[in-house]
Amino acid sequence: MSLSESERKIIVNRELEKSDRTFADVLFCANEGKWEAAANRLYYALFHAMSALLISDGFPVKTHRGIMAMFGEHYVRTEIFSKKDGALLSELVIMRDNADYNCFYETNEEKLKPYIDPTKSLIDKIAAYISSKT
């Protein structure tokens, strides 16, 4: 299914809004010491920003792993975003998977807190990139 330009803009804006709301959840969960929930929300805040990015450039968003692959191929490899940005996404995927599915893995403040500011920075970079193209 192809989107009209106005449909694409609406979806991109909705994804960016969802990213912002989800990032606010990160801060709430972290404040409450709910580190596993914060890990989940941190990944999803970036996921929604990445979805906005890919949709804005006309790429199909189908799976979590697909988003990782497309971000690497179309944005990191072409140096629009850095390798560090790509690594951040990969690390958040692993942390979220462990926090959600591994009963032996314990997410805590020490593991999660170093990712909060870099994730917010990357979300802001993505939003600025999208904005610069419109």
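Right, let's walk through the structure included here. Everything numeric here is computed off the predicted structure, so don't read it as measured data. (Residues numbered from 1 in each chain as written. Predicted model: local features only at pLDDT ≥ 70, side-chain atom pairs only at ≥ 80, totals over all residues. Heavy atoms only, no water.)

1. Section: the overall build of the protein chain
In terms of regular secondary structure, the protein chain is built from five helices and zero strands. Mapped in sequence order, the helices and strands of the protein chain form the string α-α-α-α-α. On C-alpha atoms alone, the protein chain measures out to a radius of gyration of 15 Å, which is about the 14 Å that the 2.2 N^0.38 rule sets for 134 residues. Each principal axis of the C-alpha atoms in the protein chain carries an extent, and together these give about 45 × 25 × 25 Å. By residue count, 40% of the 134 residues in the protein chain fall in the buried class. When contacts within the protein chain are restricted to residue pairs at least 6 apart in sequence, long-range pairs at least 24 apart make up 63% of them. On the protein chain, roughly 7800 Å² of surface is accessible, and the fraction owed to carbon and sulfur atoms is 52%. Taking the average place of the 18 positive charges on the side chains of the protein chain and the average place of its 20 negative ones, the gap between the two points comes to 4 Å. (Helix = DSSP H or I, 4+ residues; strand = E, 2+ residues; numbered from the N terminus. Rg over C-alpha atoms; globule rule 2.2 N^0.38 Å. Buried < 20%, exposed > 50% of the residue type's maximum accessible area, 1.4 Å probe, protein only. Contact = heavy atoms within 4.5 Å. Areas by Shrake-Rupley, 256 points an atom, 1.4 Å probe, with all protein chains shown as cover. Lys, Arg positive; Asp, Glu negative; His and termini not counted. Charge placed at Lys NZ, Arg CZ, Asp CG, Glu CD.)

2. Details of the packing of aromatic side chains
On inspection of all chains with the given rule, the structure shows nine aromatic pairs. Taking the centre distance of 6.1 Å and the plane angle of 40° together, the rings of tyrosine 43 and phenylalanine 47 count as tilted. Remark: phenylalanine 47 and tyrosine 43 occur in helix α2 (residues 35–56); sequence separation between them is four residues, near one turn of the helix. Tyrosine 43 sits in the buried class, given a relative accessible area of 2%. Overall, the relative accessible area of 14% leaves phenylalanine 47 in the buried class. Each member of the aromatic cluster is reached from another via a ring pair, and the members are Phe59, Phe71, Tyr75, Phe81 and Tyr129. In this structure, lysine 120 is placed above the aromatic ring of phenylalanine 23, and the distance from its NZ or CZ to the ring centre is 5.6 Å. (Phe/Tyr/Trp six-rings, centres within 6.5 Å; stacked < 30°, edge-to-face > 60°. Lys NZ or Arg CZ within 6 Å of the ring centre and 35° of its normal.)

3. As for the nonpolar core
Ranked by size, the top nonpolar core spans 42 residues in total, and within it Leu46, Met50, Leu53, Phe71, Phe81, Leu112 and Ile126 carry the most contacts. Those elements that place two or more of their residues in this core are α1 (5–31), α2, α3 (64–76), α4 (83–101) and α5 (109–132). With 15 residues, α2 is the largest single contributor of residues to this core. Apart from the residues lying within four places of it in its own chain, the contact partners of leucine 112 are Trp35, Ala38, Ala39, Leu42, Met95 and Thr107. (Core = buried A, V, L, I, M, F, W, Y, C linked by side-chain atoms within 4.5 Å.)

4. Here we look at α2
Relative to the 32 Å expected for 22 residues at 1.5 Å per residue, α2 spans 32 Å between its end C-alpha atoms, a close match to the ideal helical length. With respect to burial, α2 is a largely interior element, 18 of its 22 residues being buried. Downstream of α2 by a residue or two, glycine 58 has a phi angle that is positive, lying close to 85°. (Expected span 1.5 Å × (residues − 1).)

5. What to know about the packing of α3 against α4
Two elements in contact, α3 and α4, have axes separated by 10 Å at closest approach and are oriented at 170°. Considering the angle they form, α3 stands roughly antiparallel to α4. Contacts between α3 and α4 involve Arg65, Met68, Phe71 and Val76 from the first element and Lys83, Asp85, Gly86, Leu89, Ser90, Val93 and Asp97 from the second. For the contact of α3 with α4, a count of residues per class yields five nonpolar, two polar and four charged. (Axes fitted to C-alpha atoms, helices over the stretch in contact; angles between N-to-C directions. Parallel < 35°, antiparallel > 145°, perpendicular 65-115°, else oblique. Nonpolar A, V, L, I, M, F, W, Y, C, P; charged D, E, K, R; others polar.)

6. Description of α4
The first and last C-alpha atoms of α4 sit 27 Å apart over 19 residues, in line with the 27 Å expected at 1.5 Å per residue. Considered for burial, the residues of α4 that qualify are Asp85, Gly86, Leu88, Leu89, Leu92, Val93, Met95, Arg96 and Ala99. Contact partners of the buried residues in α4: α2, α3 and α5.

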